[in-house]
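# Inside the fold
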Amino acid sequence: MAQDGKGGVTYQTVDAGYFEKRGLTRYAGVASLWALGVGAVISGHFSGWNFGFATGGWGGMLVAGLIIAVMYLGLTFSIAEMSAALPHTGAAYSFARTAMGPWGGFFTGLCENVEYVITPAVVVTFITGYVNSIFGLDPAYSPVIWLAFYVIFVALNVFGLELSFKVTMVFTLLSLAVLVFFWVSAIPHMDFSRWALNIAAGPDGAPVELPEGGGSWFPFGVSGVLATLPFAVWLFLAIEQLPLAAEESIDPARDMPKGIVLGMVTLIVSAFMIVLLNPSVEGVGSFHLATALEPLLDGFKAIYGDGGVVILGIVALTGLISSFHTILYAQGRQIYSLSRAGYFPRGLSVTHSTYRTPYVAMIVGSVVGFGVMLIIWFALGAETAGSTIGSVLLNMAVSGAMFSYIAQAVSFILLRKNAPHIKRPFKSPAGVAGAVLTIVIAIVTLFYQVQDPNFTKGVLWVLVWFAIATVYFALYGRHKLVLSPEEEFALSGGKGEYKSH
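Below, the structure is looked at part by part. Nothing here was measured: the structure is a model prediction, and the numbers come from that model.

This paragraph deals with the nonpolar core. If you look at the biggest cluster of nonpolar residues, it comprises 147 residues, and the most contacted ones within it are Tyr72, Phe182, Leu296 and Leu393. Ranked by residues supplied to this core, first place goes to helix H4 (residues 92–135) with 18 residues. Sequence-distant contacts of tyrosine 72, that is, excluding residues within four places in its chain, are made with Val233, Phe236, Leu237, Ile239, Glu240, Met264 and Tyr405. Tyr116, Leu244, Ile327 and Ala330 belong to the second largest nonpolar core, which has 7 residues in total.

Structure (structure tokens):
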């Protein structure tokens, strides 16, 4: 039996066993949610953010980081309100589905899907860079390391929600401890002017090194600050994944906003400290970090020498592993929610009969991410791919994230306007103004991301991704939707129950 819904979609009736095979378990409290949010982002404080020195210099990186922090505050306040009001695993898709209908929910979910499938691939390339540097391995064997990390951490996510959250908590606390240890170690070795300001714009506009430092805070001017925005995103990317844990949270209406806000405060402090201290360490500098794959490890080496490089390298890996593990968690829940509602093939949302985790979604999402990496690796050749794959993947992840942020901010504004009756246990202190700022900054970030030559390579893959998924949904998926919690809420007009049309 099928029921016609608005927006050119059709709902099919499923038996009780459908949802029994797709059950989740509630476990997470505020501390677990905080660890999930911070753990997902923290790799960005270990690698990736530092490429912004090549486009903005130290001051450009600082100001770009502040602008992006404003964008994320507007976003996180908005999603904290929406996640408490709509406590479903669908998160971004759920918000947009209620605000903009099934097609709006589909495209928002698809944007977020690109982010959560590709971001673990970006992180594992940074992990591999650290591993190769620590043990002196030949980069030609990088795909073997990628595969090993995927297998290990998908397994940890599959074999129990409690285990997954405990691993997340351990790695998040270890990562923060490593960062605090680095900050304390770096302060006595700081020479800000000599090293953090040792980069300038050459005659052709490319960065050049100033041997004695003392350069401008903004060697590339205002345009350099704006060009640095996509790299500054890496300091906060993926904090927005927290609402995906709504159906595994003990009290999402109360705990989700607290977890999101505490996570943002933690990340803002950490981001400022790493941007200030990592390039300021004697012997490091902004010029070197502009192209470094292991910036934190380079900082440790400069302070403690190469004698303990293996131990220091393993210590520096904790943040990357933390993010890899937690974003795989988010990837599984994101695919699960779209599949449970019928937007993606329904088989992807089946949960493990014993552990109640969306193992099919995690495995398939990981296979797709790994497959994209292999395609780029062999298409470009191992030597070229080794130096560019991280940047290509990063551009794919960030572009998906920016479109998702714009859609979520628009959803927030529409829900405030069109659904004021929805119960909101938490209200964003930034209100509509915060959502508007999020949209503006995300659009500007996308505009400057286009200037990166690797963006074109990355965005082509994103367009192929969108085309395949859109054709599937238009021809098949939209006729096979299911009244999942997200769909029931949207169809009831936010009253929490579905009423037949």
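Before going further, it helps to spend a moment on unusual backbone geometry. Here the phi dihedral of alanine 238 falls at roughly 95°; this positive angle occurs in a residue that is not glycine. In this fold, alanine 238 is placed in the loop between helix H9 (229–232) and helix H10 (252–277). In this structure, arginine 356 is a non-glycine residue whose phi angle is positive, near 55°. Here arginine 356 falls in the partly exposed class, since its relative accessible area comes to 23%.

Here we come to the packing of aromatic side chains. Tallied over the full model, the rule gives 31 aromatic pairs. Note on phenylalanine 126 and tryptophan 234: the rings are 6.3 Å apart at their centroids and 75° apart in plane angle, and the pair reads as edge-to-face. Pair noted here: phenylalanine 126 is in helix H4 and tryptophan 234 is in the loop between H9 and H10, with a separation of 108 residues, a long-range link. Neither phenylalanine 126 nor tryptophan 234 differs from the other in exposure class; each is buried. An aromatic cluster of three or more residues is present, and its members are Tyr93, Trp103, Phe106, Phe107, Tyr343 and Phe473. Stacked on the ring of tyrosine 18, the Lys or Arg arginine 22 has its end atom at 3.8 Å from the ring centre. Positioned above the aromatic ring of tryptophan 195, the side-chain terminus of arginine 194 is 3.8 Å from the ring centre.

Since the α-helix turns once every 3.6 residues, residues separated by three or four places project in the same direction. Across the 10 residues of helix H12 (residues 295–304), 7 count as buried, placing the element largely inside the fold. Every buried residue belonging to H12 is among Pro295, Leu296, Leu297, Asp298, Gly299, Phe300 and Ile303, and all of these are buried.

On to the packing of helix H6 (residues 161–186) against helix H14 (residues 318–340), then. Where H6 contacts H14, the two axes come as close as 8 Å, and the packing angle between them is 145°. H14 is crossed by H6, and the crossing has left-handed handedness. Taking contact as the criterion, the partners of Leu161, Ser164, Phe165, Val167, Thr168, Phe171, Thr172, Leu174, Ser175 and Val178 in H6 are, on H14, Thr318, Gly319, Ile321, Ser322, His325, Thr326, Tyr329 and Arg333.

In this section: helix H3 (residues 53–85). Taking 1.5 Å of rise per residue, 33 residues should cover 48 Å, yet H3 covers just 40 Å from first to last C-alpha, more than 12% shy of that figure. Maximum bend of H3: about 85°, positioned at glycine 59. Counting buried positions over the 33 residues of H3 gives 26, a clear majority of the element.

A word on the environment of valine 38. Summarising the element assignment, valine 38 is placed in helix H2 (residues 30–41). When the C-alpha atoms of valine 38 and leucine 262 are compared, they prove to be 9.0 Å apart, with 224 residues separating the residues in sequence. The contacts of valine 38, once residues within four sequence positions are left out, are Thr172, Leu176, Gly263, Thr266 and Leu267.

Rules of the game
- Residues numbered from 1 in each chain as written.
- Predicted model: local features only at pLDDT ≥ 70, side-chain atom pairs only at ≥ 80, totals over all residues.
- Heavy atoms only, no water.
- Core = buried A, V, L, I, M, F, W, Y, C linked by side-chain atoms within 4.5 Å.
- Buried < 20%, exposed > 50% of the residue type's maximum accessible area, 1.4 Å probe, protein only.
- Helix = DSSP H or I, 4+ residues; strand = E, 2+ residues; numbered from the N terminus.
- Contact = heavy atoms within 4.5 Å.
- Phe/Tyr/Trp six-rings, centres within 6.5 Å; stacked < 30°, edge-to-face > 60°.
- Lys NZ or Arg CZ within 6 Å of the ring centre and 35° of its normal.
- Axes fitted to C-alpha atoms, helices over the stretch in contact; angles between N-to-C directions.
- Left-handed = near helix turned anticlockwise from the far one by under 90°.
- Expected span 1.5 Å × (residues − 1).
- Bend = angle between axes of the 7 residues up to and from the residue.

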